[in-house]
Amino acid sequence: MNKPNTYKVIFSSIFFLLFVFSILSLLVSQFSNTFSQLFFILTKNDRAYDNAVNIFYLFGIMMSLGYLILASYIQRDIFFQRLVAVGICIVLIFIFVLSLSTEKSLDSAILGLMTGDGLKDLSFLDLVLENLKYIFISGFFYIFFLFLPLILFGFGFRLNVKNQLGKYLAFFCPSINVCLVVLFASGFQAYYDKSNLWLYMDFLMFCVGFILFIKVFLSRKEFFGFYEYANMLFLALGVLVCLFCSNTLSQTENYYNARMAFYMLAFLGWCGEWMYRSFSEDA
């Protein structure tokens, strides 16, 4: 087993801290009458998770700028990677500035998520239109950070690295650790007692991702080291807690703020992966 790099240690440690914070607050809200509103308060706009997301935006900007400075200093031929870093930096600056210039939480503003009793009588089309941006962001992580890499790993598909496109796809492919965090974020939802039957499509997508992950785990043990096994344990514990606390999640309109925090952590983890890789090997 290869010695874990510094990036992997930091990423897994931050995931552990956010995981413990989320699970404990959810359990306290579920089983304590005195602090039953704790998770609701933490997930409200402009509170803990909302602020954590903004911190992740800022940290992503700093990562991108630091990468560009270091890439220019060492003068390696990584033009495309620099271009991706510039794009990420510009997008995150735009989102971060937008979050500071609006009274409404950025997650609510850009996701436009409608929750609660307002969803009960909506048709599928109306539901999609009401939550289009939220569906787009969740779909982005489901497809590019969960389904595609897990299908690639689990079914033994190999990218043609001799081809320029295949080379870049292999280079930017998320690791199992990133997939685990995205899977946990996707599982951070009410598994039952949803206000609209169409919302169970989100749960179905999570189940598909979970099955694909099990396929990878059973067939590609070489992808799993200490941190992968540890994060997999956290995933299993998180799924059980969300299962037992589904009624609390279903009554918490802004639980998607917590989910977005894990999505952003996974995104930063992916950025750290390919940035580290571009300096440690021929890209």
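Above this note sits the structure.
First things first, this report covers the structure right here in the doc. In this text the structure is predicted, and so the values were computed from the model without any measurement.

### Concerning the overall build of the protein
- When helices and strands are counted, the protein shows 13 helices and zero strands.
- In the protein, the succession of helices and strands from N to C terminus is α-α-α-α-α-α-α-α-α-α-α-α-α.
- The buried share among the 283 residues of the protein stands at 48%.
- Long-range pairs, those at least 24 residues apart, make up 78% of the contacts in the protein with a sequence separation of at least 6.

### Quick notes on helix α9 (residues 176-187)
- Over its twelve residues, α9 runs 16 Å from end to end, which matches the ideal 16 Å to within 8%, given 1.5 Å per residue.
- Counting buried residues along α9, twelve of its twelve residues qualify, which places the element largely inside the surrounding structure.
- What α9 keeps buried is the set I176, N177, V178, C179, L180, V181, V182, L183, F184, A185, S186 and G187.
- Looking at the packing, one finds that the buried side of α9 touches α1 (6-31), α7 (132-154), α10 (200-219), α11 (226-244) and α13 (255-280).

### What about the pattern of salt bridges?
- If you walk through the whole model with that rule in mind, you get three salt bridges.
- Here D202 and R259 are joined by a salt bridge, their closest N and O atoms 2.7 Å apart. Of this pair, D202 sits in helix α10 while R259 sits in helix α13, and the two are 57 residues apart along the sequence. Per residue, the accessibility class of D202 equals that of R259, and both read buried.

Analysis parameters
Residues numbered from 1 in each chain as written. Predicted model: local features only at pLDDT ≥ 70, side-chain atom pairs only at ≥ 80, totals over all residues. Heavy atoms only, no water. Helix = DSSP H or I, 4+ residues; strand = E, 2+ residues; numbered from the N terminus. Buried < 20%, exposed > 50% of the residue type's maximum accessible area, 1.4 Å probe, protein only. Contact = heavy atoms within 4.5 Å. Expected span 1.5 Å × (residues − 1). Salt bridge = Lys/Arg side-chain N within 4 Å of Asp/Glu carboxyl O.

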